[in-house]
Amino acid sequence: MPAGIDAAVAALLARVLASDDPDEPFDTSRLDIELLDIFLEESGDLLDHADTALTQLRESPDSREPLIALQRDLHTLKGGARMAGVFTIGELGHAMESMLEAVVEQRCELDRTGIGLLEGGFDRLHAMVTRVAERRAIDMPQALIDAFNALARGRPLLAAEATPEPAAAQKPELAPLSTPINDLGADDDTAIRAPQEQVRIRADLLDRLVNYAGEVAIYRARLEQQLGAFRSAMNEMEQTNTRLRDQLRRLEIETEAQIIARYQREGDAGDASFDPLELDRFSTLQQLSRALGESAADMTSLQQTLDDLTRQYETLLLQQSRVSSDLQEGLMRTRMVPFDALVPRLRRVLRQAASDTGKQVQLKLDGSQGELDRNVLERMTAPLEHMLRNAVAHGIESPERRREAGKGEEGTVRIAVRREGSEVVLEIGDDGSGLDRGAIRRRAEERGLVRTDAVLSDGDLDALIFEPGFSTADEVSRLAGRGVGMDVVASEVRQLGGSLDISTRRGQGTSFTLRLPQTLAVTQAVFVRIGETQFAVPIASVRGVGRIERDRLASGDASYSYGGEEYALHDLGLLVGHAPARADGHLQMPLLLVRSGELRAAVAVDEIIGSREIVVKPVGPQVASIPGIFGATIMGDGSVVVILDVAPLARRHAVLPRDTAPEPQAERRRVPLVMVVDDSVTMRKVTGRVLERHNLEVLTAKDGIDALERMEERVPDLMLLDIEMPRMDGYELARQMKADPRLRDVLIMMITSRTGEKHRQRAFDLGVDRYLGKPYQEPELMRNVHELLKVSHGRE
């Protein structure tokens, strides 16, 4: 390139970076604000990652890995920008990606000037994303785009192309992003009122720190246990030293007695001028006795030294325990987020459900400022959304029926948040018609869940709505009838170690009470023993302990009274597939009293060991899928103890016999499963929402490897697949799927910005069924999805 091109590029970047109007607002009238915020959050991470790759590229210009990483980041950024409607960022990202693609394909070279231009382009992207986040307008950086396009075509940049505009035509430079408070002329009082500085960290890093704090707690528990064992050994040593000193005293007495006795036997034969104890033939035994006495004294001194050191270690461990607890509590506080953060999303869900059903519904909140663990809130987001949709679809009546019932035309859904001890209580209720227990019973009998002559309590009937696939709706709609939802809600609550209660009154409404742990990392648990095996039970579900006579349990007595309530008797050994509880050494059988919703269970065990704070560890999807397993914890001695959720075990054991064949029922249409595979968070969320609005079940994966792992459990009917992804791209995934007899029949629709004929033909050669370009139009997408799935359009 010409020698003076660096100055020209610098002039170009200076002009472009100062080209935005600092006062003009960013027009969001035609944009989805939630989607825009998702893109902005994702773009920050992408640009941060790109900065690292850019540094590696400057250090090693011939390296290929940084180029590929930058291409991938720009590709994802471009797709997210276009999907969010920020086409200016998308155009610049596309031009930069095209230039990098030309470099990778060796159609042009990337020298020092090109890297400088690339850095300027990323600086411009940073500035544009920042301005959009501040809702300030951005201009199209056409000169910069032209420069990247010129390099992509192999043309050198001309100085004339990068000549700055006249000073009169230039727009004012941007003000600094931040200014010290003192420079603003603020007094000290205005500064103790200034907001505190906040630091943004990645959620996965915070989760790892919390896990590390949990590991520290586990190691501390092990140290405490080992130090306790050492203290016990020191006590044994002290007792041994006491015995040794006593034996030495008796040995000294016996030695002196033998010396005197021998002197008396020898009589006058000895030399009267020496005392018997002074004779050499007796001094050896005496010296050994005295030496043993000195050694015993040394042992006592060493024992006292070790005892002093042990006390110091105990003091240090206590101090470390306090600091560790404060650290863990502080980290847990950083993971707490207000429930308010979820409220806008819940309002949109409720509005959408009301619009779809033609009903009038309002949302009322109480105590939404309460805080929950971020992981708890994230895992409960989908269940809460379903419960709101369920309240509208099944609970709230139409305006006409509400008028006939003497109610206002507008229904009400209430969400109350409060804290009780270590639990967070969520109440979701409505003022609708309440549960139709008659319809629940009829559907349960049709499905063979209960016998026609069975006698069920109201609580047992209500609990049937948590059965997988259960629904009282007569036809499938957008909101109801698919039989998926409440079983997932109950399962998620159980996996979180919480409980779910139902309260309903015919014609007045239904209320669900969810009791959730405030945090997932640390919880209180009761430890019980069956045989040689220990189990932990979350204390949130334990209402007390009791005892029962052995003959009552053996006689088949069905209940145990506690606190004015009847608890059904169960044997934990039988619930977990173990030998029955025997409680050897106990006059009575220990009982653990468990309450979950309407369930009251008195569970017999061999021993109730006690309660303690534990660190909850995940057990993986294979073990977690087994009913009744909540997780696991590591004890101080390194052993692993399974954390049980007793309620589903008791329910499964107490279920009525289902030996009667179910009556034939009308076959209901299966909901197609569509998997969206894309490395862009924005793309996955947008496409998933579109598909769910059209009554399709959605799974998502971030790349080919992730998709293959998810398809180990469930095989989708249709896959929407991107091409460029990390670890495994779309072409390779399609090739592997077509080579796998289990996956070869899955329909594949590629959705990518690579719309060239070469890419399209390669996809069809691999067996791809459809090929769409980004950004797609929703009607076009759904037309292709419906054609592939042979599902008719909703309105047609």
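This text gives an overview of the structure that appears in the document. (Residues numbered from 1 in each chain as written. Predicted model: local features only at pLDDT ≥ 70, side-chain atom pairs only at ≥ 80, totals over all residues. Heavy atoms only, no water.)

## Observations concerning the sheet that holds strand 20 (residues 718-721)
Here we have five strands laid out as an open sheet, ordered 19-18-20-21-22, and parallel in their pairing. At either margin of the open sheet sits one strand with a lone partner, and together these are strand 19 (697-701) and strand 22 (770-773). Put simply, the sheet's adjacent strands are angled 20° from each other on average, direction ignored. Relative to strand 19, strand 18 (residues 673-677) runs parallel, the two being bridged by five bridges. Bridging from a neighbouring strand, Val674 pairs with Val698 of strand 19. (Pairing = 2+ DSSP bridges. Helix = DSSP H or I, 4+ residues; strand = E, 2+ residues; numbered from the N terminus. Axes fitted to C-alpha atoms, helices over the stretch in contact; angles between N-to-C directions.)

## Observations regarding unusual backbone geometry
In this structure, Pro775 follows Lys774 across a cis peptide bond, with omega equal to -10°. Relative to the assigned elements, Pro775 resides in the loop between strand 22 and helix 24 (778-789). You will see that Asn695, though not glycine, has its phi angle at about 60°, which is positive.

## Describing the pairing of strand 5 (residues 423-430)
Within a regular strand, the side chains alternate between the two sheet faces. Counting buried positions along strand 5 gives seven out of eight residues, so the element sits mostly inside the fold. One ladder, built from eight bridges, connects strand 4 (residues 410-420) with strand 5; its direction is antiparallel. Across the sheet, Ile415 pairs through a bridge with Ile428, a residue of strand 5. Pairing of strand 5 with strand 7 (residues 509-517), which is carried by eight bridges, proceeds in the antiparallel orientation. What sits directly across from Leu426, in strand 7, is Leu514. (Buried < 20%, exposed > 50% of the residue type's maximum accessible area, 1.4 Å probe, protein only.)

## Remarks on a nonpolar patch on the surface
Nonpolar side chains collect at one region of the surface, where Phe230, Leu306, Leu309, Tyr313 and Leu316 lie side by side and expose about 430 Å² of accessible area between them. Per-element accounting of the nonpolar patch gives the leading share, four residues, to helix 9 (residues 280-334). Structurally, Leu309 can be placed in helix 9. (Patch = residues over 30% accessible without salt bridge, like charges linked within 9 Å, V, L, I, M, F, W, Y side chains within 5 Å. Areas by Shrake-Rupley, 256 points an atom, 1.4 Å probe, with all protein chains shown as cover. Salt bridge = Lys/Arg side-chain N within 4 Å of Asp/Glu carboxyl O.)

## Examining the pattern of salt bridges
Side chains that carry opposite charge are capable of pairing whenever their charged atoms lie near each other. Overall, the coordinates contain 39 salt bridges when judged by the stated rule. As a salt-bridge pair, Arg249 and Asp246 come within 3.6 Å of each other at their nearest N and O atoms. In this pair, Arg249 and Asp246 are both assigned in helix 8 (residues 203-266), three residues apart and thus about one turn of the helix distant. The partly exposed category is assigned to Arg249, whose relative accessible area is 48%. With a closest N to O distance of 2.9 Å, Arg727 and Asp703 form a salt bridge. Here the residue Arg727 occupies a position in the loop between strand 20 and helix 22 (730-739), and Asp703 occupies one in the loop between strand 19 and helix 21 (704-710), the gap between them amounting to 24 residues. Ionic contacts of the salt-bridge type, sharing partners, join the residues Lys78, Glu97, Glu101, Glu724 and Arg754 into one network.

## Notes on the sheet that holds strand 4
In spatial order, the strands read 2-4-5-7-6; together these five strands make up an open sheet with mixed pairing. Looking at the sheet topology across the chains shown, the edges are occupied by strand 2 (360-366) and strand 6 (499-505). With direction set aside, neighbouring strand axes in the sheet form an average angle of 15°. With seven bridges joining them, strand 2 and strand 4 adopt parallel strand pairing. Within strand 4, the position partnered with Asp366 by the bridge is Ala416. Across the sheet, helix 10 (residues 343-357) touches strand 2 and strand 4, and the angle it forms with strand 2 is around 160°. (Contact = heavy atoms within 4.5 Å.)

## A look at the environment of Val642
Within the fold, Val642 resides in strand 17 (residues 640-644). As a C-alpha pair, Val642 and Lys617 span 25 residues in sequence and 9.5 Å in three-dimensional space.

## Here we look at the environment of Gln286
Along the chain, the position of Gln286 falls in helix 9. Sequence spacing of Gln286 and Thr255 is 31 residues, and the spatial spacing of their C-alpha atoms is 7.0 Å.

## Focus on the nonpolar core
Of all hydrophobic cores here, the largest spans 65 residues; its most connected members are Ile89, Leu118, Phe122, Leu720, Leu781 and Val785. Ranked by residues supplied to this core, first place goes to helix 2 (residues 33-59) with 10 residues. Here Leu781 is in contact with Thr687, Val690, Leu720, Met749, Ile751, Leu772 and Tyr776, once residues within four sequence places are set aside. Leu346, Val413, Leu464 and Phe466 belong to the second-largest nonpolar core, a separate cluster that totals 47 residues. (Core = buried A, V, L, I, M, F, W, Y, C linked by side-chain atoms within 4.5 Å.)

## Looking at empty space enclosed by the protein
One number sums up the size of the largest cavity: a volume of about 120 Å³. In terms of lining, the largest cavity is formed by 15 residues, of which the most central are His75, Lys78, Gly79, Gly80 and Lys774. Ranked by residues supplied to the lining of the largest cavity, first place goes to helix 3 (residues 65-84) with seven residues. Partitioned by chemical class, the residues of the lining of the largest cavity number three nonpolar, six polar and six charged. (1 Å grid on protein atoms, 1.4 Å probe; cavity = no way out; pocket = protein on both sides within 12 Å on 5 of 7 lines; lining within 4 Å. Points joined across faces, edges and corners; volume = space filled by probe spheres on them. Nonpolar A, V, L, I, M, F, W, Y, C, P; charged D, E, K, R; others polar.)

## Details of the packing of helix 11 (residues 374-395) against helix 15 (residues 486-495)
Look at helix 11 against helix 15: their axes get within 9 Å of each other, and the N-to-C directions meet at 145°. Considering how the two elements wind past one another, helix 11 and helix 15 form a crossing that is left-handed. In this structure, helix 11 uses Arg379, Met380, Pro383, His386, Met387 and Asn390 to contact helix 15, whose residues at the interface are Met486, Val489, Glu492, Val493 and Gln495. In terms of residue class, the contact of helix 11 with helix 15 is made up of six nonpolar, three polar and two charged. (Left-handed = near helix turned anticlockwise from the far one by under 90°.)

## Side note on the side chain of Thr310
Examined against the element boundaries, Thr310 turns out to sit in helix 9. Classification of Thr310 by relative accessible area gives buried; the value is 1%. Not counting residues up to four positions away in its chain, the partners in contact with Thr310 are Leu227, Phe230, Arg231 and Met234.

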